[in-house]
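Spelled out, the chains give:
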Amino acid sequence: MKKELEFHPGMLPAHANPNDEAERLPLNYLELIFRYKWRLIAGALVGLLIGHLLYLKAGPEFEAVAEILVQPKYTPPIKDEEKMLNRGAMPSEHIKLILSPLIASEAVRQGHLEELKTFRGEPDTTEVVLDGLKAKRIAGQDRGHSNVFDIRYTSKQADDAKKVLESVITAYGVYLKKSSDEQAQVVQQLAADATQAMVERLRLKDEQYNQFIQSVPEEFRSALGSPSQATSMQTNVAPQDVIEKLANERSLNLIKIADLESRKKAVEGAIAAGESPDALEHQIRRFLNTTDGHAAQNQSKSTEIGIYQSQLIPLLLKEKELARDYGRHWPDLVAVRENIKSIIRTYRNLGVQLPDGISTDTMKDVPEPAKVDLVALYLAEVKQQIAELTIKEEQLNQLISQEQIKKRAFAEYQSRERDLHAERTSLQELWTKQLEREQSVAIEKDSNGYRMTSLSPVKHALVIKRMMKFYVAGAAVCLFIVGLTCVLRELSDMTIKTVRDVRDIMHQPVLGSVCEFAIPTDRYSSTSGVPHPALRYLHAPSSVEAETYRTIRASFLVTTENLNAKVIMITSPEPGDGKTTLASNLAVALAQSGKRVLLIDGDLRRPTVHRMLRIPQEEGLSDVLKGTARFHEVVRPTVVERLSVVTTGTPPSNPAEILSSAELGEVLNDCRGEFDFVFLDAPPLLAVSDPCVMARHTDGVLLVVRLNKNPRTALIRVRQLLQDQEIPMIGTVVNGVPLKGGHEFGYTYYGEYAGPTTATSIAAAAVPPSHLPVSSPATAASELSQV
């Protein structure tokens, strides 16, 4: 036994995918729409009518439209940071305000909208106004100054819609003016309050500063930079300046001490070395000359020691020199002595103790110069100066320490004074700016806020969109209902609708399809010898259906050549699918192409082949299987060259048992050598078991399926039956394909090429011999019903 026929993609056109399962195929909605297009169109028309009726019942609506321009008032050229009023609202805020209950209620109040016909009986007129009010920006930017807004109001009354929109626009204009005035007053008051607060802060800061100055010691006030608080006795000297002066004084004092120490050591060294009095005197003179120079630089320091060093000792030395050189009565010597006496008297009055060796009393009377030890006198003087300078150094150190303490206290006062002065200065600057800002507010007061301009008068028109909504909604609902009905019908209808359904369920290639065609009236009797009009390939070779048989013939030849198949059983799932018509037309087409074809009527229960070819029902296949006749005796020629037919013969009482005999296989094997193709017209597969018995002796099965007749379950059962019996298949042929829906096989093109295929044209195409008798219409109809 042969296994189920296996096909590969590309072998034949319109092949099936063997991996698909199609017990429940997905709906092809495009095909469904095309199939039920008239129902859908009718549903849409009904929906439009319903929508129109609903629109008339609901009533029309009118829409009032206006455009307004909202822009800031004129603003003087003031700096941006000084503008306090013109912080205008954003466009989105304008829209929110227009659509707010505040503006709507004001419009109702000003326009007395509750008296309009639209709002009669409404509990809340404001809410109704807001429901029909719309606003949007159509020009401008968020940060732009000028913006154009489109405002609309919808109502069932045209005049009421216009009135409401005008009231809303007027109310918004009043609101803009009122809000700008209120804002200006508020901001101006805020500016005045801020100025007054700034003045009070500045006054308090001045009082705080003055209190601090009063708490500063007298000696620091002038140095802190407050001349108004200083007295005439104060000097503008800071502790730092005093410390610097004392440090300089201390440095000079140390230098003097060092100088005197060096002189003392020099004189004591000379004495220890045994220098002569003249040498010592000369050294002292040299020191005194140096001292005179220093005395000239420090003339302002009138101390006793300085006077003694710079005047008395030089006079004594000069007195000694003049007395030695000129005598005691020399006028200059007398003058020098008078000067010495004057100095000594001054020292005495001052309480200064003179060095030993100087006697003023003896100097009055003794004409000779007094004997004075100048070296001892000089050393005593130097020691006394060193002691005094040492004491002065200690005092200077104490003064510097005191001034440093004052310096730290002064630094604290100075830092506090600087902070208070900076705060006063900052407050003064803020006060100045606040005064300028208050003046700016006064200038901006009249130019604050927004102004509104109506760009076009309020117009109203019928709302077309509302009408379209009713129409579209009605049509959509009806289309949905009709479409849902069609889908449900399609889902509940299990019949095969398309060629694709056959291919997907059977998992076999479709060799072709036969379009629907009307069989013309049979004008000849069953014994006339003229084939039945259903043989379209013979009677109307130029028709569309004849062309479909040629297509099936081409696919059949390619398939059988690949499979080396000669004996083919032609069957169908159920009776009435057109298997005998297909077998007869395909046999005629193959015979006319030059093939030797044998058509055997294997339906021993309801034979029909002899009626198609108008051959007498005499001895046939059943007689051969019974052994009452030989096979070559029952083969009869037909009017078609190279086409032979074997009828069923005498109807047997037990067809299944006769077909199960070995004679059938032998007969078919004998036919392989004499004919190119042997067609065995078998009964329907699901009606009887005869086809399964006969299929074992054939090379394959050609299944005929009729659209809109065979259910899906029938094809599934056929597929399972063939698979279970391991019966090979050649392919399937789809019968009853609509001529306009046969796009898959190009019937539209063939229809244009071959012309119309009406019953009249088909009947005219078949010209029977004139000597044959004509059968009655009743006989023709009876024969056609059995085909």
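As shown above, the structure is provided for reference.
Residues numbered from 1 in each chain as written. Predicted model: local features only at pLDDT ≥ 70, side-chain atom pairs only at ≥ 80, totals over all residues. Heavy atoms only, no water.

Undergrad: What am I meant to see in helix α4 (residues 101–111) here?
TA: Side chains that are three or four residues apart share a direction in an α-helix, a result of its 3.6 residues per turn. Those residues of α4 lying buried are I103, A104, A107, V108 and G111. The arc that holds every buried residue of α4, seen down its axis, measures 140°, which confines them to one face. Within two residues after α4, H112 carries a phi angle of roughly 50°, on the positive side. (Buried < 20%, exposed > 50% of the residue type's maximum accessible area, 1.4 Å probe, protein only. Helix = DSSP H or I, 4+ residues; strand = E, 2+ residues; numbered from the N terminus. Arc of directions from axis to C-beta.)

Undergrad: What exactly am I supposed to notice about unusual backbone geometry here?
TA: Keep in mind that most residues, glycine aside, have a negative phi and that most peptide bonds are trans. For H112, which is not a glycine, the phi torsion comes out positive at approximately 50°. Summarising the element assignment, H112 is placed in the loop between α4 and α5 (125–132). Judged by relative accessible area, which is 44%, H112 ranks as partly exposed. Phi angles above zero are rare outside glycine, and H507 is one such case at about 60°. Positionally, H507 belongs in the loop between α15 (499–506) and β6 (510–515).

Undergrad: Just checking my understanding: could you explain the pattern of salt bridges for this structure?
TA: As a working rule, side chains carrying opposite charge can pair if their charged atoms are close by. Overall, the coordinates contain 23 salt bridges when judged by the stated rule. Among the ionic pairs, K709 bridges to E574, the shortest N-O distance being 3.5 Å. With K709 in the loop between β12 (700–706) and α25 (712–725) and E574 in the loop between β7 (567–571) and α18 (579–592), the pair connects residues that are 135 residues apart, well separated along the chain. We classify K709 as partly exposed; its relative accessible area is 29%. Bridged by salt links that share partners, the residues E63, D150 and R152 form one connected network. (Salt bridge = Lys/Arg side-chain N within 4 Å of Asp/Glu carboxyl O.)

Undergrad: Explain the side chain of D681 to me, please; I cannot follow it from the model alone.
TA: For D681, the location among the structural elements is in strand β11 (residues 677–681). Among the polar contacts made by the side chain of D681, one reaches the side chain of T580 at a distance of 2.9 Å. Aside from chain neighbours lying at most four places away, what touches D681 is I570, K579, T580, I600, D601, G602, D603, T608 and V609. (Polar contact = N/O pair within 3.5 Å; in protein donor to acceptor, adjacent residues only side chain to side chain. Contact = heavy atoms within 4.5 Å.)

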